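# A structural walkthrough
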Amino acid sequence: SQTIHQWPATLVQPVGSPLSLECTVEGTSNPNLYWYRQAAGRGLQLLFYSVGIGQISSEVPQNLSASRPQDRQFILSSKKLLLSDSGFYLCAWSLFGQPQHFGDGTRLSIL
Amino acid sequence: SQQGEEDPQALSIQEGENATMNCSYKTSINNLQWYRQNSGRGLVHLILIRSNEREKHSGRLRVTLDTSKKSSSLLITASRAADTASYFCATDAGNAGNMLTFGGGTRLMVKP
């Protein structure tokens, strides 16, 4: 069966520090991969998606970047965090035409 | 921008009652999906309904889709305290990467 791992679960970082959140998927090949951000009490905002290794599409201009160095690995990064980067970050995967499957999320607090 | 908009934003009912949540969207879709999110957790897929379907059932869940009105509803029958969660609709417009556009969600509280 397929599983998705996302870590860390919580993270507290100072303004201006770098960020690296990792997401890995097991049990499937060539999935679509997604990074979302969710503000408190709100819906999900799609940040990046990837349909293959090295293929990244960005949905909103921002202080973040994403990379897909391996088929089932998706990384969200920032060189210098801003206060506005605080939020709940969710990784998800899907196969074509199928529902998305989400990780448990990372709660990022910027101080 | 969010295509799906849920209504109501919050709903409080007693255990055993039915809960109905509505979703409206703006553009044509391939399918519409409903997800559930427990507090502080990831989303869990509940039901996918395709644009050529009008109604779908899964256990105590019933989803309808009216493409002429660009709206969908999720009915949870005989609710339980464990159904307390946020519920989101999401639309798949058939774009590259199967991107979903999520609504703002309905926060459901079921009181025991």
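Now for a description of the structure that goes with this document. (Residues numbered from 1 in each chain as written. Chains lettered and ligands numbered in written order. Predicted model: local features only at pLDDT ≥ 70, side-chain atom pairs only at ≥ 80, totals over all residues. Heavy atoms only, no water.)

### Notes on the packing of aromatic side chains
How we decide: Whether two aromatic rings pair depends on their centres lying within 6.5 Å, for rings of Phe, Tyr and Trp, where Trp uses its six-membered ring; planes under 30 degrees apart make the pair stacked, over 60 edge-to-face, and the rest tilted. Only DSSP runs of H or I reaching four residues or more are called helices, and only runs of E reaching two or more are called strands; each is numbered from the N terminus. Note on classification: 1.4 Å probe, protein chains only; a residue is buried when its accessible area is under 20% of the maximum for its type, exposed when over 50%, partly exposed between these limits.
Going through the model one piece at a time under the given rule, you end up with 7 aromatic pairs over all chains. Ring geometry for Tyr36(A) and Phe102(B): centres 5.5 Å apart, planes at 90°, overall edge-to-face. Taken together, the residues span two chains, with Tyr36(A) in strand β4 (residues 32–38) and Phe102(B) in strand β10 (residues 100–102). Residue class for Tyr36(A) comes out buried when judged on its relative accessible area of 0%. A relative accessible area of 1% places Phe102(B) in the buried class. Between Tyr35(B) and Phe102(B), the aromatic rings sit 5.6 Å apart at their centres with planes inclined by 55°, giving tilted as the arrangement. Residue Tyr35(B) is located in strand β4 (residues 31–37), and its partner Phe102(B) is located in strand β10; the two are separated by 67 residues in the primary sequence. Each member of the pair Tyr35(B) and Phe102(B) is classed as buried. Taken together, the aromatic side chains of Tyr34(A), Tyr36(A), Phe102(A), Tyr35(B) and Phe102(B) make up a single cluster linked through ring pairs.

### Section: unusual backbone geometry
Only a minority of non-glycine residues have a phi that is not negative, and only a minority of peptide bonds are not trans. Residue Pro8(A) is reached from Trp7(A) by a cis peptide bond, and omega for that bond is 0°. You can see Pro8(A) is positioned in the loop between β1 (3–7) and β2 (10–13). Of the consecutive residues Asp7(B) and Pro8(B), the connecting peptide bond is found in the cis state with omega at 0°. If you trace the backbone, Pro8(B) turns up in the loop between β1 (5–7) and β2 (10–14).

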